[in-house]
Amino acid sequence: MDSAGVLVSDLCPVYAPFFGSMGAVAALVFCVLGSAYGTAKAGIGIASVGVMKPDFIMKALVPVIFAAAIGIYGLIIAILINDNVKKPIYPLANGFADLAAGLCCGLSGLAAGMAIGVVGDAGVRSAAQQPQMYIGVVLILIFAEALALFGMILGIVLQGAAPNAGSCQQLTVVPKMAPAA
């Protein structure tokens, strides 16, 4: 492989990195959407509670912290996938595995963010009225966060389990197209 062309075969087509890149995008975008929704929805409850009990606001920030962590999970998977896509030989199977990893992490993060937002909103309101509810709300938030964590762990496993670059056989050099004048 040199600047004159790109190594391709049926197992390593030139479009294989597209699927991996879409996996990275899916992981980041869906996790950030879940994180944003969870933060906004829980923030509504915090703002409502802050009017009645301003001293409770610091305890009420727990759902926002949990929601923010979901975006980080998507970023981690996107970085891992991006490192795979940059390899000079990238089999189609790797592209599909990276797409699956990104979708797994991203959609899990979206679901967890929605759960954290709903629980956070209702939970901080109920804990402000009945302080004994606080521990139960935090436990529910932990279980909701675990959904995103499971998605991230499975994403790491999926993107690391793809076949290596040696699976590309019968490589041929396809010349690069000359730029149009």
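Before reading on, note that the structure itself is shown above.
Residues numbered from 1 in each chain as written. Predicted model: local features only at pLDDT ≥ 70, side-chain atom pairs only at ≥ 80, totals over all residues. Heavy atoms only, no water.

Enquirer: Now, about empty space enclosed by the protein: what can you tell me, with residues and values included?
Expert: The tally for this structure, following the rule as stated, stands at 1 cavity of 30 Å³ or more. What the largest cavity holds in volume is close to 40 Å³. Forming the boundary of the largest cavity are Lys-59, Val-62, Pro-63, Gly-123, Val-124, Ala-127, Tyr-134, Val-137, Val-138 and Leu-141. If you list the elements that add at least two residues to the lining of the largest cavity, you get α3 (62–85), α4 (92–129) and α5 (134–160). Ranked by residue count, the leading element in the lining of the largest cavity is α5, at 4 residues. (1 Å grid on protein atoms, 1.4 Å probe; cavity = no way out; pocket = protein on both sides within 12 Å on 5 of 7 lines; lining within 4 Å. Points joined across faces, edges and corners; volume = space filled by probe spheres on them. Helix = DSSP H or I, 4+ residues; strand = E, 2+ residues; numbered from the N terminus.)

Enquirer: Which residues make up the nonpolar core, and what values go with them?
Expert: As a rule of thumb, nonpolar side chains are buried together in soluble globular proteins. Of all hydrophobic cores here, the largest spans 22 residues; its most connected members are Ile-70, Ile-77, Ile-81, Cys-105 and Ile-116. Secondary structure elements with two or more residues in this core: α1 (16–52), α3, α4 and α5. The leading source of residues in this core is α3, at 7 residues. The contact partners of Ile-116, leaving out residues within four places of it in the chain, are Pro-63, Phe-66, Ala-67, Ile-70, Leu-141, Ala-144 and Glu-145. (Core = buried A, V, L, I, M, F, W, Y, C linked by side-chain atoms within 4.5 Å. Buried < 20%, exposed > 50% of the residue type's maximum accessible area, 1.4 Å probe, protein only. Contact = heavy atoms within 4.5 Å.)

Enquirer: An account of the side chain of Asn-84 is needed here, citing residue identities and associated values.
Expert: Mapped onto the secondary structure, Asn-84 falls in helix α3. Setting aside residues no more than four positions away along its own chain, Asn-84 makes contact with Tyr-90, Asp-98 and Gln-159.

Enquirer: Account for the packing of aromatic side chains, naming residues and giving values.
Expert: For the structure on display, the rule yields 4 aromatic pairs. Summarising the aromatic geometry, the rings of Phe-56 and Tyr-134 are spaced 6.3 Å apart at their centres and angled 80 degrees between planes, so their arrangement reads as edge-to-face. Taken together, the positions of Phe-56 in the loop between α1 and α2 (57–60) and Tyr-134 in helix α5 put the pair 78 residues apart, joining distant regions of the chain. For the pair Phe-56 and Tyr-134, a shared accessibility class is recorded, and that class is buried. For the cation-ring pair, Lys-59 lies above Tyr-134, with the distance from its terminal atom to the ring centre recorded as 4.7 Å. (Phe/Tyr/Trp six-rings, centres within 6.5 Å; stacked < 30°, edge-to-face > 60°. Lys NZ or Arg CZ within 6 Å of the ring centre and 35° of its normal.)

Enquirer: Account for the environment of Pro-131, naming residues and giving values.
Expert: Along the polypeptide, Pro-131 turns up in the loop between α4 and α5. On the basis of relative accessible area, Pro-131 is assigned to the exposed category, the value being 54%. Sequence separation of Pro-131 and Phe-56 is 75 residues, and the distance between their C-alpha atoms is 9.8 Å.

Enquirer: Tell me about the pattern of salt bridges, and name the residues and values.
Expert: Counted under the stated rule, the structure contains 2 salt bridges. The residue Asp-121 makes a salt bridge to Lys-41 at a minimum N-O spacing of 3.6 Å. Placement of Asp-121 in helix α4 and of Lys-41 in helix α1 is noted, with a sequence separation of 80 residues between them. The class of Asp-121 is buried, set by a relative accessible area of 10%. Classification of Lys-41 as partly exposed rests on a relative accessible area of 26%. Across the pair Arg-125 and Asp-121 runs a salt bridge, and its minimum N-O distance is 2.8 Å. In this pair, Arg-125 and Asp-121 both sit in helix α4, 4 residues apart, roughly one turn of the helix. (Salt bridge = Lys/Arg side-chain N within 4 Å of Asp/Glu carboxyl O.)

Enquirer: Tell me about the packing of α1 against α3, and name the residues and values.
Expert: With their axes 8 Å apart at the nearest point, α1 and α3 run at an angle of 175 degrees to one another. In terms of axis orientation, α1 runs roughly antiparallel to α3. Grouping the constituent residues of the contact of α1 with α3 by class yields 17 nonpolar, 8 polar and no charged. (Axes fitted to C-alpha atoms, helices over the stretch in contact; angles between N-to-C directions. Parallel < 35°, antiparallel > 145°, perpendicular 65-115°, else oblique. Nonpolar A, V, L, I, M, F, W, Y, C, P; charged D, E, K, R; others polar.)

Enquirer: For the state of the cysteines, give the residues involved together with the corresponding values.
Expert: Summed over all chains, the structure comprises 0 disulfides. The thiol sulfur of Cys-104 is not disulfide-bonded, and the nearest other cysteine sulfur, from Cys-105, lies at 7.2 Å. (Disulfide = S-S within 2.5 Å.)

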